[in-house]
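Residue-level listing of the chains:
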Amino acid sequence: MLKYLKISNLAVVESAEFDFGNGFCVLTGETGAGKSLVVHAIELLLGGRADSGKVRTGEKETVVEGIFTSDGKEVFIRRKISENGRSSAWIDDAPVNMSELKDATAKFADLLGQHEHQILLDPETHIHFLDIYAGHRSLAKAYQEDFHQLDSLRSKLKRMNGKIEEAENRARLREYELKELEAANLDLDEWEELNLTMRRIESAETILENASSAHESLSEGECNAISNVVSAQKMIEDIADIVPECSEIAEMLETALVALQEASREIDGIAQTVDIDPEEAEQMRRRQMALQRLCRKYSREMAPLIEYLEELQNQSDEVEKLRAEAEEIEEAIESEERKLAKTAVQLSILREAAAPKLGTEIAEVLAPLSMDRVRFEVKFTRKASNNGPAEFSGERYELLPTGIETAEFYISTNPGESLRPLAAIVSGGELSRIMLALKTLFIDQEESGLLVFDEVDTGIGGDIGRHVGTALVNLAKSKQLLVITHLPQIARLADRHYIIEKFESAGRTRVRAQEVAGTHREQELERMHGWETKPLMSNG
(Lines give C-alpha, C1' and ligand atoms only; values in the text may rest on other atoms or scores of the structure.)
Protein backbone atom coordinates (compact mmCIF):
# COMPACT_ATOMS: atom_id res chain seq x y z
CA MET A 1 0.00 0.00 0.00
CA LEU A 2 1.17 3.55 -0.80
CA LYS A 3 0.37 5.87 2.12
CA TYR A 4 2.12 9.04 1.06
CA LEU A 5 3.63 10.50 -2.13
CA LYS A 6 5.53 13.74 -2.63
CA ILE A 7 6.72 15.00 -6.03
CA SER A 8 9.19 17.87 -6.49
CA ASN A 9 10.29 19.35 -9.83
CA LEU A 10 9.10 16.54 -12.07
CA ALA A 11 8.43 18.10 -15.49
CA VAL A 12 5.70 20.71 -14.97
CA VAL A 13 4.98 19.50 -11.42
CA GLU A 14 6.78 21.90 -9.10
CA SER A 15 5.39 20.37 -5.92
CA ALA A 16 2.57 17.94 -5.17
CA GLU A 17 1.66 15.80 -2.17
CA PHE A 18 -0.80 12.94 -1.79
CA ASP A 19 -2.07 11.19 1.33
CA PHE A 20 -3.53 8.00 -0.07
CA GLY A 21 -5.78 5.85 2.05
CA ASN A 22 -7.08 2.34 1.71
CA GLY A 23 -9.52 1.42 -1.00
CA PHE A 24 -10.31 3.22 -4.22
CA CYS A 25 -8.69 6.56 -5.16
CA VAL A 26 -9.12 8.38 -8.47
CA LEU A 27 -7.12 11.09 -10.21
CA THR A 28 -9.01 13.31 -12.63
CA GLY A 29 -8.28 16.41 -14.64
CA GLU A 30 -8.08 17.71 -18.17
CA THR A 31 -6.07 15.81 -20.76
CA GLY A 32 -2.41 16.86 -20.45
CA ALA A 33 -2.85 18.21 -16.92
CA GLY A 34 -0.14 15.92 -15.55
CA LYS A 35 -2.04 12.92 -14.19
CA SER A 36 0.36 10.44 -15.82
CA LEU A 37 3.26 12.20 -14.09
CA VAL A 38 1.86 10.89 -10.80
CA VAL A 39 2.07 7.37 -12.20
CA HIS A 40 5.58 8.07 -13.46
CA ALA A 41 6.58 9.27 -9.98
CA ILE A 42 5.37 5.99 -8.48
CA GLU A 43 7.27 4.13 -11.19
CA LEU A 44 10.46 5.97 -10.18
CA LEU A 45 9.98 4.84 -6.56
CA LEU A 46 9.81 1.26 -7.86
CA GLY A 47 13.13 1.56 -9.72
CA GLY A 48 11.81 2.72 -13.08
CA ARG A 49 14.03 4.33 -15.69
CA ALA A 50 15.04 7.91 -14.91
CA ASP A 51 15.14 10.63 -17.56
CA SER A 52 17.03 13.86 -16.88
CA GLY A 53 14.77 15.48 -19.47
CA LYS A 54 11.96 15.25 -16.92
CA VAL A 55 13.75 17.55 -14.46
CA ARG A 56 11.75 20.77 -14.23
CA THR A 57 13.27 23.59 -16.30
CA GLY A 58 15.50 25.79 -14.19
CA GLU A 59 15.85 23.24 -11.38
CA LYS A 60 18.86 21.05 -10.58
CA GLU A 61 17.05 17.86 -9.62
CA THR A 62 13.79 15.93 -9.39
CA VAL A 63 12.93 14.38 -6.03
CA VAL A 64 10.19 11.81 -5.44
CA GLU A 65 9.42 10.47 -1.96
CA GLY A 66 6.95 7.85 -0.87
CA ILE A 67 5.89 5.81 2.16
CA PHE A 68 4.73 2.27 1.50
CA THR A 69 3.47 -0.27 3.99
CA SER A 70 4.64 -3.86 3.60
CA ASP A 71 4.06 -6.69 6.05
CA GLY A 72 2.83 -4.20 8.61
CA LYS A 73 5.94 -2.00 8.39
CA GLU A 74 6.41 1.42 6.84
CA VAL A 75 9.10 1.72 4.16
CA PHE A 76 10.33 5.18 3.22
CA ILE A 77 11.73 5.50 -0.32
CA ARG A 78 13.39 8.53 -1.89
CA ARG A 79 14.52 8.84 -5.50
CA LYS A 80 16.56 11.72 -6.89
CA ILE A 81 17.38 12.50 -10.55
CA SER A 82 19.85 15.29 -11.30
CA GLU A 83 19.88 17.47 -14.39
CA ASN A 84 23.07 15.74 -15.56
CA GLY A 85 21.28 12.37 -15.57
CA ARG A 86 22.64 10.95 -12.33
CA SER A 87 20.11 8.88 -10.39
CA SER A 88 20.19 8.03 -6.68
CA ALA A 89 17.85 6.12 -4.38
CA TRP A 90 17.42 5.45 -0.68
CA ILE A 91 15.34 2.98 1.30
CA ASP A 92 14.81 4.12 4.89
CA ASP A 93 17.66 6.59 4.33
CA ALA A 94 20.09 3.81 3.31
CA PRO A 95 21.48 4.26 -0.24
CA VAL A 96 20.65 1.47 -2.70
CA ASN A 97 21.37 0.84 -6.36
CA MET A 98 18.60 0.44 -8.93
CA SER A 99 18.72 -3.35 -8.90
CA GLU A 100 18.33 -3.41 -5.12
CA LEU A 101 15.49 -0.88 -5.34
CA LYS A 102 13.62 -2.98 -7.91
CA ASP A 103 14.05 -6.16 -5.88
CA ALA A 104 12.90 -4.48 -2.65
CA THR A 105 9.77 -2.96 -4.23
CA ALA A 106 8.81 -5.77 -6.60
CA LYS A 107 5.66 -6.58 -4.62
CA PHE A 108 4.71 -3.01 -3.66
CA ALA A 109 2.69 -2.02 -6.72
CA ASP A 110 1.46 -3.17 -10.12
CA LEU A 111 1.23 -0.43 -12.75
CA LEU A 112 -1.36 -1.05 -15.45
CA GLY A 113 -1.24 1.55 -18.17
CA GLN A 114 -1.99 1.42 -21.86
CA HIS A 115 1.27 -0.45 -22.48
CA GLU A 116 0.39 -3.12 -19.92
CA HIS A 117 -3.02 -3.60 -21.57
CA GLN A 118 -1.22 -4.07 -24.89
CA ILE A 119 0.66 -7.00 -23.35
CA LEU A 120 -2.53 -9.00 -23.79
CA LEU A 121 -2.06 -8.66 -27.53
CA ASP A 122 1.12 -10.73 -27.26
CA PRO A 123 0.14 -14.43 -27.19
CA GLU A 124 3.42 -15.31 -25.47
CA THR A 125 2.11 -13.66 -22.28
CA HIS A 126 -1.13 -15.63 -22.15
CA ILE A 127 0.33 -18.74 -20.55
CA HIS A 128 1.71 -16.60 -17.72
CA PHE A 129 -1.76 -15.16 -17.06
CA LEU A 130 -3.11 -18.72 -16.98
CA ASP A 131 -0.42 -19.79 -14.49
CA ILE A 132 -1.26 -16.85 -12.21
CA TYR A 133 -4.96 -17.69 -12.34
CA ALA A 134 -4.32 -21.39 -11.62
CA GLY A 135 -2.15 -20.52 -8.62
CA HIS A 136 0.96 -22.38 -9.75
CA ARG A 137 3.09 -19.38 -10.68
CA SER A 138 5.89 -20.59 -8.38
CA LEU A 139 5.99 -23.96 -10.15
CA ALA A 140 6.06 -22.24 -13.54
CA LYS A 141 8.83 -19.92 -12.34
CA ALA A 142 10.86 -22.89 -11.05
CA TYR A 143 10.45 -24.55 -14.46
CA GLN A 144 11.61 -21.41 -16.25
CA GLU A 145 14.69 -21.18 -14.03
CA ASP A 146 15.51 -24.84 -14.68
CA PHE A 147 14.91 -24.38 -18.41
CA HIS A 148 17.32 -21.45 -18.36
CA GLN A 149 19.86 -23.84 -16.82
CA LEU A 150 19.12 -26.38 -19.56
CA ASP A 151 19.48 -23.69 -22.19
CA SER A 152 22.85 -22.74 -20.69
CA LEU A 153 23.97 -26.38 -20.77
CA ARG A 154 22.89 -26.71 -24.40
CA SER A 155 24.82 -23.57 -25.29
CA LYS A 156 27.82 -24.90 -23.40
CA LEU A 157 27.60 -28.20 -25.31
CA LYS A 158 27.36 -26.30 -28.59
CA ARG A 159 30.50 -24.34 -27.71
CA MET A 160 32.23 -27.56 -26.63
CA ASN A 161 31.35 -29.27 -29.92
CA GLY A 162 32.84 -26.27 -31.68
CA LYS A 163 36.03 -26.71 -29.65
CA ILE A 164 36.08 -30.40 -30.50
CA GLU A 165 35.73 -29.63 -34.19
CA GLU A 166 38.58 -27.12 -33.96
CA ALA A 167 40.68 -29.62 -31.99
CA GLU A 168 40.00 -32.33 -34.58
CA ASN A 169 41.09 -29.96 -37.33
CA ARG A 170 44.24 -29.19 -35.37
CA ALA A 171 44.82 -32.91 -34.79
CA ARG A 172 44.47 -33.66 -38.51
CA LEU A 173 46.88 -30.85 -39.31
CA ARG A 174 49.28 -32.05 -36.60
CA GLU A 175 49.17 -35.59 -37.99
CA TYR A 176 49.84 -34.32 -41.50
CA GLU A 177 52.68 -32.02 -40.42
CA LEU A 178 54.20 -34.68 -38.18
CA LYS A 179 54.16 -37.20 -41.00
CA GLU A 180 55.66 -34.73 -43.45
CA LEU A 181 58.44 -33.50 -41.15
CA GLU A 182 59.37 -36.94 -39.83
CA ALA A 183 59.58 -38.23 -43.39
CA ALA A 184 62.06 -35.44 -44.18
CA ASN A 185 64.62 -36.82 -41.64
CA LEU A 186 65.63 -33.33 -40.53
CA ASP A 187 69.22 -33.04 -39.27
CA LEU A 188 70.92 -29.74 -38.55
CA ASP A 189 74.46 -31.03 -39.22
CA GLU A 190 73.40 -32.49 -42.54
CA TRP A 191 71.66 -29.18 -43.43
CA GLU A 192 74.79 -27.13 -42.71
CA GLU A 193 77.08 -29.56 -44.54
CA LEU A 194 74.68 -29.70 -47.50
CA ASN A 195 74.54 -25.91 -47.78
CA LEU A 196 78.36 -25.70 -47.67
CA THR A 197 78.78 -28.40 -50.28
CA MET A 198 76.20 -26.81 -52.58
CA ARG A 199 77.90 -23.44 -52.32
CA ARG A 200 81.15 -25.13 -53.39
CA ILE A 201 79.46 -26.87 -56.30
CA GLU A 202 77.78 -23.64 -57.40
CA SER A 203 81.23 -21.90 -57.26
CA ALA A 204 83.14 -24.83 -58.77
CA GLU A 205 84.53 -22.90 -61.76
CA THR A 206 85.96 -20.14 -59.59
CA ILE A 207 87.30 -22.64 -57.06
CA LEU A 208 88.99 -24.76 -59.74
CA GLU A 209 90.45 -21.74 -61.48
CA ASN A 210 91.86 -20.20 -58.34
CA ALA A 211 93.03 -23.50 -56.88
CA SER A 212 94.75 -24.43 -60.13
CA SER A 213 96.54 -21.11 -60.35
CA ALA A 214 97.61 -21.34 -56.72
CA HIS A 215 98.81 -24.93 -57.15
CA GLU A 216 100.78 -23.94 -60.25
CA SER A 217 102.37 -21.02 -58.42
CA LEU A 218 103.39 -23.25 -55.58
CA SER A 219 104.65 -26.39 -57.34
CA GLU A 220 103.86 -26.76 -61.04
CA GLY A 221 104.91 -23.53 -62.69
CA GLU A 222 108.21 -22.86 -64.43
CA CYS A 223 109.27 -20.66 -61.58
CA ASN A 224 107.20 -22.03 -58.71
CA ALA A 225 107.60 -21.20 -55.06
CA ILE A 226 108.71 -24.63 -53.93
CA SER A 227 111.54 -24.79 -56.53
CA ASN A 228 112.66 -21.31 -55.58
CA VAL A 229 112.73 -22.19 -51.88
CA VAL A 230 114.69 -25.39 -52.64
CA SER A 231 117.23 -23.34 -54.63
CA ALA A 232 117.50 -20.76 -51.88
CA GLN A 233 117.93 -23.43 -49.27
CA LYS A 234 120.79 -25.09 -51.22
CA MET A 235 122.58 -21.80 -51.67
CA ILE A 236 122.32 -20.96 -47.98
CA GLU A 237 123.49 -24.43 -46.97
CA ASP A 238 126.60 -23.99 -49.24
CA ILE A 239 127.77 -21.02 -47.19
CA ALA A 240 126.76 -22.35 -43.79
CA ASP A 241 130.35 -23.44 -43.05
CA ILE A 242 131.55 -19.91 -43.65
CA VAL A 243 128.57 -18.09 -42.08
CA PRO A 244 127.41 -20.17 -39.10
CA GLU A 245 124.15 -18.20 -38.70
CA CYS A 246 123.12 -19.49 -42.15
CA SER A 247 122.38 -22.85 -40.57
CA GLU A 248 119.47 -21.29 -38.72
CA ILE A 249 118.25 -19.65 -41.93
CA ALA A 250 118.46 -22.97 -43.74
CA GLU A 251 116.22 -24.52 -41.07
CA MET A 252 113.73 -21.70 -41.52
CA LEU A 253 113.68 -22.35 -45.26
CA GLU A 254 113.19 -26.08 -44.59
CA THR A 255 110.15 -25.26 -42.46
CA ALA A 256 108.80 -22.97 -45.19
CA LEU A 257 109.36 -25.67 -47.76
CA VAL A 258 107.36 -28.19 -45.71
CA ALA A 259 104.53 -25.65 -45.30
CA LEU A 260 104.48 -24.86 -49.01
CA GLN A 261 104.42 -28.53 -49.93
CA GLU A 262 101.52 -29.14 -47.47
CA ALA A 263 99.65 -26.13 -48.85
CA SER A 264 100.11 -27.44 -52.37
CA ARG A 265 98.63 -30.80 -51.41
CA GLU A 266 95.66 -29.13 -49.61
CA ILE A 267 94.98 -26.94 -52.65
CA ASP A 268 94.98 -29.99 -54.84
CA GLY A 269 92.47 -31.61 -52.44
CA ILE A 270 90.18 -28.58 -52.62
CA ALA A 271 90.05 -28.86 -56.37
CA GLN A 272 89.09 -32.47 -56.06
CA THR A 273 86.14 -31.67 -53.66
CA VAL A 274 84.29 -29.86 -56.40
CA ASP A 275 84.94 -32.53 -58.87
CA ILE A 276 81.64 -34.34 -57.99
CA ASP A 277 79.68 -36.67 -60.16
CA PRO A 278 76.83 -34.70 -61.83
CA GLU A 279 74.22 -37.25 -60.72
CA GLU A 280 75.38 -37.03 -57.13
CA ALA A 281 75.33 -33.23 -57.33
CA GLU A 282 71.76 -33.31 -58.66
CA GLN A 283 70.65 -35.51 -55.75
CA MET A 284 72.20 -33.09 -53.31
CA ARG A 285 70.52 -30.13 -55.04
CA ARG A 286 67.12 -31.83 -54.86
CA ARG A 287 67.62 -32.60 -51.18
CA GLN A 288 68.53 -29.01 -50.47
CA MET A 289 65.51 -27.69 -52.41
CA ALA A 290 63.17 -30.07 -50.54
CA LEU A 291 64.45 -28.85 -47.18
CA GLN A 292 64.23 -25.23 -48.32
CA ARG A 293 60.57 -25.73 -49.31
CA LEU A 294 59.80 -27.06 -45.84
CA CYS A 295 61.50 -24.04 -44.24
CA ARG A 296 59.46 -21.68 -46.40
CA LYS A 297 56.21 -23.61 -45.82
CA TYR A 298 56.57 -23.50 -42.05
CA SER A 299 58.16 -20.02 -42.02
CA ARG A 300 61.06 -21.28 -39.94
CA GLU A 301 64.79 -21.73 -40.31
CA MET A 302 66.07 -25.29 -39.95
CA ALA A 303 66.87 -25.16 -36.23
CA PRO A 304 63.43 -23.73 -35.24
CA LEU A 305 61.79 -26.18 -37.67
CA ILE A 306 63.42 -29.10 -35.89
CA GLU A 307 62.23 -27.62 -32.56
CA TYR A 308 58.68 -27.39 -33.98
CA LEU A 309 58.86 -31.05 -34.99
CA GLU A 310 59.81 -31.93 -31.42
CA GLU A 311 56.83 -29.90 -30.15
CA LEU A 312 54.49 -31.83 -32.45
CA GLN A 313 55.94 -35.11 -31.24
CA ASN A 314 55.38 -34.12 -27.61
CA GLN A 315 51.82 -32.74 -27.98
CA SER A 316 49.08 -34.71 -26.24
CA ASP A 317 45.74 -35.53 -27.88
CA GLU A 318 43.31 -32.84 -26.63
CA VAL A 319 40.38 -34.24 -28.63
CA GLU A 320 39.74 -37.12 -26.25
CA LYS A 321 39.83 -34.79 -23.24
CA LEU A 322 37.29 -32.46 -24.86
CA ARG A 323 35.07 -35.37 -25.85
CA ALA A 324 35.06 -36.55 -22.25
CA GLU A 325 33.98 -33.08 -21.12
CA ALA A 326 31.24 -33.05 -23.78
CA GLU A 327 29.94 -36.39 -22.52
CA GLU A 328 29.68 -34.95 -19.00
CA ILE A 329 27.67 -32.01 -20.34
CA GLU A 330 25.40 -34.37 -22.31
CA GLU A 331 24.75 -36.36 -19.14
CA ALA A 332 23.90 -33.13 -17.29
CA ILE A 333 21.52 -32.16 -20.11
CA GLU A 334 19.77 -35.54 -19.98
CA SER A 335 19.40 -35.24 -16.21
CA GLU A 336 18.03 -31.70 -16.51
CA GLU A 337 15.63 -32.77 -19.28
CA ARG A 338 14.25 -35.58 -17.11
CA LYS A 339 13.72 -33.13 -14.28
CA LEU A 340 12.09 -30.56 -16.56
CA ALA A 341 9.90 -33.16 -18.26
CA LYS A 342 8.45 -34.15 -14.91
CA THR A 343 7.68 -30.51 -14.01
CA ALA A 344 6.35 -29.78 -17.50
CA VAL A 345 3.84 -32.63 -17.28
CA GLN A 346 2.71 -31.37 -13.86
CA LEU A 347 2.16 -27.91 -15.37
CA SER A 348 0.28 -29.35 -18.33
CA ILE A 349 -2.12 -31.24 -16.06
CA LEU A 350 -2.75 -28.10 -13.99
CA ARG A 351 -3.15 -25.90 -17.06
CA GLU A 352 -5.54 -28.30 -18.78
CA ALA A 353 -7.67 -28.28 -15.64
CA ALA A 354 -7.52 -24.49 -15.16
CA ALA A 355 -8.11 -23.42 -18.78
CA PRO A 356 -11.89 -24.19 -19.01
CA LYS A 357 -12.44 -22.66 -15.56
CA LEU A 358 -10.69 -19.48 -16.64
CA GLY A 359 -12.84 -19.34 -19.77
CA THR A 360 -16.03 -19.69 -17.74
CA GLU A 361 -15.08 -17.28 -14.97
CA ILE A 362 -13.73 -14.54 -17.23
CA ALA A 363 -16.98 -14.65 -19.21
CA GLU A 364 -18.87 -14.25 -15.93
CA VAL A 365 -16.77 -11.27 -14.85
CA LEU A 366 -17.08 -9.61 -18.28
CA ALA A 367 -20.85 -10.00 -18.40
CA PRO A 368 -21.54 -7.05 -16.03
CA LEU A 369 -19.03 -5.01 -18.04
CA SER A 370 -21.37 -5.03 -21.07
CA MET A 371 -19.62 -8.03 -22.61
CA ASP A 372 -22.39 -10.47 -21.65
CA ARG A 373 -22.23 -12.70 -24.73
CA VAL A 374 -18.54 -13.39 -24.58
CA ARG A 375 -17.07 -16.82 -25.15
CA PHE A 376 -13.48 -17.25 -23.96
CA GLU A 377 -11.18 -20.20 -24.47
CA VAL A 378 -7.54 -21.09 -23.91
CA LYS A 379 -5.96 -23.07 -26.74
CA PHE A 380 -2.70 -24.95 -26.31
CA THR A 381 -0.01 -25.66 -28.89
CA ARG A 382 2.56 -28.40 -28.37
CA LYS A 383 5.52 -29.56 -30.45
CA ALA A 384 5.33 -33.34 -30.86
CA SER A 385 8.58 -35.26 -31.27
CA ASN A 386 9.33 -38.98 -31.27
CA ASN A 387 12.46 -38.26 -29.24
CA GLY A 388 10.90 -35.60 -27.04
CA PRO A 389 11.87 -35.88 -23.35
CA ALA A 390 8.32 -35.31 -22.01
CA GLU A 391 5.39 -37.71 -22.36
CA PHE A 392 1.85 -36.43 -21.96
CA SER A 393 -1.41 -38.15 -22.94
CA GLY A 394 0.46 -40.87 -24.82
CA GLU A 395 2.51 -38.47 -26.94
CA ARG A 396 6.10 -37.25 -26.61
CA TYR A 397 6.86 -33.54 -26.79
CA GLU A 398 9.76 -31.14 -26.95
CA LEU A 399 10.52 -28.93 -23.97
CA LEU A 400 9.72 -25.25 -24.48
CA PRO A 401 10.63 -22.26 -22.28
CA THR A 402 7.14 -22.43 -20.73
CA GLY A 403 6.75 -26.21 -20.49
CA ILE A 404 5.57 -28.48 -23.29
CA GLU A 405 2.99 -25.99 -24.51
CA THR A 406 2.28 -22.41 -25.36
CA ALA A 407 -1.16 -20.95 -24.77
CA GLU A 408 -3.26 -18.37 -26.57
CA PHE A 409 -6.50 -16.72 -25.60
CA TYR A 410 -9.34 -17.06 -28.10
CA ILE A 411 -12.49 -14.99 -27.78
CA SER A 412 -15.82 -14.34 -29.42
CA THR A 413 -17.45 -11.05 -28.38
CA ASN A 414 -20.57 -11.38 -30.53
CA PRO A 415 -23.17 -14.16 -30.77
CA GLY A 416 -22.75 -16.40 -33.79
CA GLU A 417 -19.11 -15.44 -34.32
CA SER A 418 -16.44 -18.13 -34.13
CA LEU A 419 -13.64 -18.00 -31.60
CA ARG A 420 -10.64 -16.10 -32.90
CA PRO A 421 -7.31 -15.01 -31.38
CA LEU A 422 -7.87 -12.25 -28.85
CA ALA A 423 -5.24 -10.05 -30.48
CA ALA A 424 -7.09 -10.18 -33.80
CA ILE A 425 -10.51 -8.88 -32.80
CA VAL A 426 -10.68 -6.93 -29.52
CA SER A 427 -10.98 -3.14 -29.41
CA GLY A 428 -9.12 -0.88 -26.99
CA GLY A 429 -12.15 -0.67 -24.69
CA GLU A 430 -12.61 -4.43 -24.71
CA LEU A 431 -8.92 -4.95 -24.03
CA SER A 432 -8.96 -2.75 -20.90
CA ARG A 433 -12.05 -4.59 -19.61
CA ILE A 434 -10.46 -7.99 -20.21
CA MET A 435 -7.38 -6.88 -18.26
CA LEU A 436 -9.64 -5.65 -15.46
CA ALA A 437 -11.45 -8.98 -15.50
CA LEU A 438 -8.16 -10.88 -15.29
CA LYS A 439 -7.01 -8.73 -12.38
CA THR A 440 -10.32 -9.41 -10.65
CA LEU A 441 -9.83 -13.14 -11.07
CA PHE A 442 -6.19 -12.95 -10.00
CA ILE A 443 -6.88 -10.94 -6.87
CA ASP A 444 -6.12 -13.83 -4.54
CA GLN A 445 -2.86 -14.47 -6.36
CA GLU A 446 -1.89 -10.80 -6.69
CA GLU A 447 1.16 -10.02 -4.55
CA SER A 448 1.15 -6.25 -5.05
CA GLY A 449 -0.62 -4.17 -2.41
CA LEU A 450 -1.32 -1.32 -4.84
CA LEU A 451 -2.86 -1.55 -8.30
CA VAL A 452 -2.51 1.53 -10.51
CA PHE A 453 -4.84 1.76 -13.51
CA ASP A 454 -3.93 4.37 -16.10
CA GLU A 455 -6.48 4.67 -18.92
CA VAL A 456 -8.67 1.81 -17.69
CA ASP A 457 -11.58 3.67 -19.34
CA THR A 458 -10.03 3.73 -22.82
CA GLY A 459 -12.71 3.35 -25.48
CA ILE A 460 -15.67 3.04 -23.10
CA GLY A 461 -18.41 5.27 -21.72
CA GLY A 462 -22.03 5.33 -20.55
CA ASP A 463 -23.29 2.26 -18.71
CA ILE A 464 -20.11 0.38 -19.55
CA GLY A 465 -18.16 2.96 -17.55
CA ARG A 466 -20.47 2.51 -14.60
CA HIS A 467 -20.05 -1.26 -14.75
CA VAL A 468 -16.27 -0.87 -14.90
CA GLY A 469 -16.48 1.41 -11.86
CA THR A 470 -18.46 -1.22 -9.97
CA ALA A 471 -15.81 -3.81 -10.83
CA LEU A 472 -13.13 -1.47 -9.51
CA VAL A 473 -15.08 -0.97 -6.28
CA ASN A 474 -15.19 -4.74 -5.78
CA LEU A 475 -11.49 -4.99 -6.56
CA ALA A 476 -10.74 -2.25 -4.02
CA LYS A 477 -12.18 -4.40 -1.26
CA SER A 478 -8.98 -6.46 -1.42
CA LYS A 479 -6.43 -4.04 -2.86
CA GLN A 480 -5.55 -0.37 -2.79
CA LEU A 481 -6.47 1.12 -6.17
CA LEU A 482 -5.22 4.29 -7.82
CA VAL A 483 -7.16 4.98 -11.01
CA ILE A 484 -6.71 7.71 -13.60
CA THR A 485 -10.03 8.24 -15.34
CA HIS A 486 -11.97 10.64 -17.55
CA LEU A 487 -15.32 9.06 -16.72
CA PRO A 488 -17.50 10.56 -13.97
CA GLN A 489 -19.26 7.19 -13.68
CA ILE A 490 -16.01 5.73 -12.37
CA ALA A 491 -14.82 8.78 -10.40
CA ARG A 492 -18.12 9.00 -8.49
CA LEU A 493 -17.59 5.53 -7.00
CA ALA A 494 -14.12 6.22 -5.57
CA ASP A 495 -13.39 6.52 -1.86
CA ARG A 496 -11.01 9.45 -2.43
CA HIS A 497 -10.74 11.90 -5.29
CA TYR A 498 -7.77 14.06 -6.38
CA ILE A 499 -7.94 16.70 -9.09
CA ILE A 500 -4.79 17.39 -11.12
CA GLU A 501 -4.86 20.85 -12.71
CA LYS A 502 -2.37 22.67 -14.92
CA PHE A 503 -2.24 26.47 -14.90
CA GLU A 504 0.10 29.37 -15.65
CA SER A 505 1.56 31.65 -13.00
CA ALA A 506 4.31 34.26 -13.28
CA GLY A 507 5.06 33.12 -16.80
CA ARG A 508 5.57 29.47 -15.78
CA THR A 509 3.39 26.41 -16.27
CA ARG A 510 2.54 24.77 -12.97
CA VAL A 511 0.56 21.77 -11.79
CA ARG A 512 -1.26 21.36 -8.53
CA ALA A 513 -3.01 18.41 -6.94
CA GLN A 514 -5.88 18.75 -4.51
CA GLU A 515 -8.11 16.24 -2.80
CA VAL A 516 -11.76 17.20 -3.24
CA ALA A 517 -14.95 16.22 -1.51
CA GLY A 518 -18.46 17.48 -1.20
CA THR A 519 -19.32 20.47 -3.40
CA HIS A 520 -15.89 20.65 -5.01
CA ARG A 521 -16.09 17.01 -5.95
CA GLU A 522 -19.57 17.45 -7.42
CA GLN A 523 -18.29 20.36 -9.47
CA GLU A 524 -15.50 18.19 -10.85
CA LEU A 525 -17.94 15.41 -11.68
CA GLU A 526 -20.14 17.95 -13.46
CA ARG A 527 -17.12 19.17 -15.43
CA MET A 528 -16.36 15.59 -16.41
CA HIS A 529 -19.98 15.26 -17.60
CA GLY A 530 -19.43 18.40 -19.67
CA TRP A 531 -21.82 20.57 -17.71
CA GLU A 532 -21.16 24.24 -16.91
CA THR A 533 -19.51 24.68 -13.51
CA LYS A 534 -17.70 27.37 -11.60
CA PRO A 535 -13.91 27.07 -11.40
CA LEU A 536 -12.92 24.48 -8.81
CA MET A 537 -9.72 26.17 -7.66
CA SER A 538 -8.32 29.64 -8.01
CA ASN A 539 -5.03 30.25 -9.72
CA GLY A 540 -3.60 31.95 -6.67
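Please read all numbers here as calculations on a predicted model, not as lab measurements.

### So, the overall build of the protein
Right, so step 1: When you go through the protein residue by residue, the secondary structure sums to 17 helices and 17 strands.
Right, so step 2: Over its C-alpha trace the protein gives a radius of gyration of 49 Å, far above what one expects of a compact globule, namely 24 Å for 540 residues.
Right, so step 3: Burial analysis of the protein (540 residues in total) assigns 43% to the buried set.
Right, so step 4: For the protein, long-range pairs separated by at least 24 residues make up 69% of all intrachain contacts whose partners lie at least 6 apart in sequence.
Right, so step 5: Accessible surface computed for the protein: about 29500 Å², of which carbon and sulfur atoms make up 47%.

### Considering the pattern of salt bridges
Right, so step 1: If you walk through the whole model with that rule in mind, you get 26 salt bridges.
Right, so step 2: A salt bridge links Arg382 to Glu405; the nearest nitrogen and oxygen atoms lie 2.9 Å apart. In this pair, Arg382 sits in strand β9 (residues 375-382) while Glu405 sits in strand β12 (residues 405-412), placing the two residues 23 residues apart along the sequence.
Right, so step 3: The network of salt bridges with common partners includes Asp131, Arg351, Glu352, Arg382 and Glu405.

### Section: a negative patch on the surface
Right, so step 1: A contiguous patch of negative charge on the surface is contributed by Glu327, Glu328, Glu330, Glu331 and Glu334.
Right, so step 2: Take Glu334: it is sitting in helix α12 (residues 318-366).
Right, so step 3: A residue is classified by how much of its surface remains accessible, and Glu334, at 44% relative accessible area, is partly exposed.

### Observations concerning the sheet that holds strand β6 (residues 87-91)
Right, so step 1: Strand order in this open sheet of 6 strands is β2-β1-β4-β5-β6-β7, and the pairing throughout is antiparallel. Where the open sheet ends on each side, the last strands, each with one partner, are β2 (13-19) and β7 (94-96). Neighbouring strand axes in the sheet, compared pairwise and without regard to direction, differ in orientation by 15° on average.
Right, so step 2: Taken together, the 6 bridges between strand β1 (residues 2-10) and β2 define a ladder with antiparallel strand orientation.

### Concerning the sheet that holds strand β15 (residues 480-484)
Right, so step 1: Pairing is mixed across the open sheet formed by 6 strands, whose spatial order is β8-β14-β15-β3-β16-β17. Looking at which strands have only one partner, the edges of the open sheet turn out to be β8 (109-112) and β17 (508-515). This sheet shows a mean twist of 15° between the axes of neighbouring strands, independent of strand direction.
Right, so step 2: By the bridge criterion, 4 bridges tie strand β3 (residues 24-28) to β15 in an arrangement that is parallel. When the bridges of β15 are listed, Val26 appears paired with Val483.
Right, so step 3: Set on the sheet, helix α17 (residues 518-529) makes contact with β3, β16 (496-505) and β17; between it and β16 the angle comes to about 75°.

### A few points about the side chain of Asp110
Right, so step 1: The topology assignment puts Asp110 in strand β8.
Right, so step 2: Within the local environment of Asp110, its side chain forms a polar contact with the side chain of Lys439, the two groups lying 2.4 Å apart.

Definitions and cut-offs
Residues numbered from 1 in each chain as written. Predicted model: local features only at pLDDT ≥ 70, side-chain atom pairs only at ≥ 80, totals over all residues. Heavy atoms only, no water. Helix = DSSP H or I, 4+ residues; strand = E, 2+ residues; numbered from the N terminus. Rg over C-alpha atoms; globule rule 2.2 N^0.38 Å. Buried < 20%, exposed > 50% of the residue type's maximum accessible area, 1.4 Å probe, protein only. Contact = heavy atoms within 4.5 Å. Areas by Shrake-Rupley, 256 points an atom, 1.4 Å probe, with all protein chains shown as cover. Salt bridge = Lys/Arg side-chain N within 4 Å of Asp/Glu carboxyl O. Patch = residues over 30% accessible without salt bridge, like charges linked within 9 Å, V, L, I, M, F, W, Y side chains within 5 Å. Lys, Arg positive; Asp, Glu negative; His and termini not counted. Charge placed at Lys NZ, Arg CZ, Asp CG, Glu CD. Pairing = 2+ DSSP bridges. Axes fitted to C-alpha atoms, helices over the stretch in contact; angles between N-to-C directions. Polar contact = N/O pair within 3.5 Å; in protein donor to acceptor, adjacent residues only side chain to side chain.

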